[in-house]
Amino acid sequence: METPWSAPVTEMLRAGAETDLTSFDRGGKHGFDGDKALGKAYMRERGRHLAELQEKLYAAGRSGESRSVLLVIQGMDTAGKGGIARHVLGMVDPQGVTVSSFGVPTEEERAHHYLWRIEQRLPRPGRIGVFDRSHYEDVLVVRVHDLVPRDVWEPRYEEINAWEQEVVASGTTIVKCALLVSKDEQLNRLADRLHRPDKYWKYSTSDLDERAHWDDYQQAYQAMLTRTSTDHAPWYTIPANRKWFARLAVTELLIDALERLDLEWPEPDFDLAHERARIERLRLTGG
Ligand code: AMP
Ligand code: MG
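Values in this document were obtained by computation on a predicted structure and should not be read as measured data. (Residues numbered from 1 in each chain as written. Chains lettered and ligands numbered in written order. Predicted model: local features only at pLDDT ≥ 70, side-chain atom pairs only at ≥ 80, totals over all residues. Heavy atoms only, no water.)

A closer look at the overall build of the protein chain
Then step 1. Looking only at helices and strands, the protein chain has 13 helices and 5 strands in total.
Then step 2. If you line up the protein chain on its principal axes, its C-alpha atoms span 75 × 45 × 40 Å.
Then step 3. When the 287 residues of the protein chain are sorted by exposure, 48% land in the buried category.
Then step 4. Considering only contacts within the protein chain whose residues lie at least 6 apart along the sequence, 82% involve residues at least 24 apart.
Then step 5. Looking at the protein chain as shown, the accessible area adds up to about 14,900 Å², and 49% of this sits on carbon and sulfur atoms.
Then step 6. Across the protein chain, the centroid of the 39 positively charged side chains sits 5 Å from that of the 47 negatively charged ones. (Helix = DSSP H or I, 4+ residues; strand = E, 2+ residues; numbered from the N terminus. Buried < 20%, exposed > 50% of the residue type's maximum accessible area, 1.4 Å probe, protein only. Contact = heavy atoms within 4.5 Å. Areas by Shrake-Rupley, 256 points an atom, 1.4 Å probe, with all protein chains shown as cover. Lys, Arg positive; Asp, Glu negative; His and termini not counted. Charge placed at Lys NZ, Arg CZ, Asp CG, Glu CD.)

Listed below in structure tokens is the structure:
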């Protein structure tokens, strides 16, 4: 299939100093020339490519390579974070993926530095790690609700940048996606959760209390995107009102990250000719 993208997703959705959430089009298709049906069909094709790249990464890891990929997903309630893990990573071999969700810190986690629990869940060599929420909650929910004083959360932006730089230096490519739904769409999705028995479980009575802080959250997201989108670990702003679009966009970002690793199938660590000859002998002798 010919590419339906008018420009690379990495360029169109890259966040930075110029990112302005107040004008960002959360229902947009930013450079995708096609409808939902085409998007889904194209996603299947890209999924096969993603699966092959992931298998190469896994194979490289098994052969002693140290590289890995970390996908960080942030977004307000209902933004579709879980759907990314299910539908994007669902297209690759589950053996090579570790998904971690970060909720309210446990007592044990609270006794440590906020990056402690994050470090435990970094992907091992050859793996793709997915974070459903992340260390960024420590400059989002924590900032919005003053869970610690400003002079504690304020230095975290720089601290996170420095920490991520070390993670990248150790061989982990970091791709950060902010899933952005509009306030109206969030209300639709929350309402949906109350009208479908298969979605009741996703509803939390605190969701509406959090929604009341929408504007503060937007400011916290804005600060996060402007201050922690670095060259070593860039943020991408993902319009998320159309779920199919958000999932396709994240698929493309993962493909890009894996392609940049320039992976090859590992060379055999045994004598290929010798092993082939052994098999041939068995064939001849019926052994
Ligand atoms: P959910 O993603 O629906 O399972 O909700 C997880 C909840 O945990 C959200 O309300 C987050 O804001 C909250 N959470 C995650 N990380 C932290 C943190 N570091 N401090 C406080 N709350 C957090
Ligand atoms: Mg929730």
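Overview of the site of ligand 1
Then step 1. Around ligand 1 lies a shell formed by Phe 102, Gly 103, Val 104, Pro 105, Arg 117, Arg 133, Glu 137, Asp 138, Val 141, Val 142 and Leu 147.
Then step 2. A distance of 3.1 Å separates an oxygen atom of ligand 1 from a polar atom in the backbone of Val 104.
Then step 3. Its free accessible area being 500 Å², ligand 1 has 68% of it covered by the protein chains.
Then step 4. Residue composition of the shell around ligand 1, by class: 6 nonpolar, 1 polar and 4 charged. (Near = heavy atom within 4 Å. Polar contact = N/O pair within 3.5 Å; in protein donor to acceptor, adjacent residues only side chain to side chain. Nonpolar A, V, L, I, M, F, W, Y, C, P; charged D, E, K, R; others polar.)

Notes on the nonpolar core
Then step 1. If you look at the biggest cluster of nonpolar residues, it comprises 73 residues, and the most contacted ones within it are Leu 71, Leu 89, Tyr 136, Leu 179, Trp 235, Ile 238 and Leu 258.
Then step 2. When residues of this core are traced back to their parent elements, those giving at least two are helix H2 (36-62), strand E1 (68-75), strand E3 (128-132), helix H8 (156-169), strand E4 (172-180), helix H11 (214-228), strand E5 (235-239) and helix H12 (243-260).
Then step 3. With 11 residues, H12 is the largest single contributor of residues to this core.
Then step 4. In contact with Ile 238, other than residues within four places in its own chain, are Leu 13, Phe 24, Cys 177, Ala 178, Leu 179, Leu 180, Ala 246, Ala 249, Val 250 and Leu 253. (Core = buried A, V, L, I, M, F, W, Y, C linked by side-chain atoms within 4.5 Å.)

Thoughts on the packing of H2 against H12
Then step 1. Taken N-terminus to C-terminus, the directions of H2 and H12 make an angle of 30°; their axes are 9 Å apart at the nearest point. With respect to their mutual orientation, H2 and H12 come out roughly parallel. As H2 runs across H12, the sense of the crossing is left-handed. Two secondary-structure elements touch here, H2 through Lys 36, Gly 39, Lys 40, Tyr 42, Met 43, Arg 46, His 49, Leu 50, Leu 53, Gln 54 and Leu 57 and H12 through Trp 244, Arg 247, Leu 248, Thr 251, Glu 252, Leu 254, Ile 255, Leu 258 and Glu 259.
Then step 2. In terms of residue class, the contact of H2 with H12 is built from 10 nonpolar, 4 polar and 6 charged. (Axes fitted to C-alpha atoms, helices over the stretch in contact; angles between N-to-C directions. Parallel < 35°, antiparallel > 145°, perpendicular 65-115°, else oblique. Left-handed = near helix turned anticlockwise from the far one by under 90°.)

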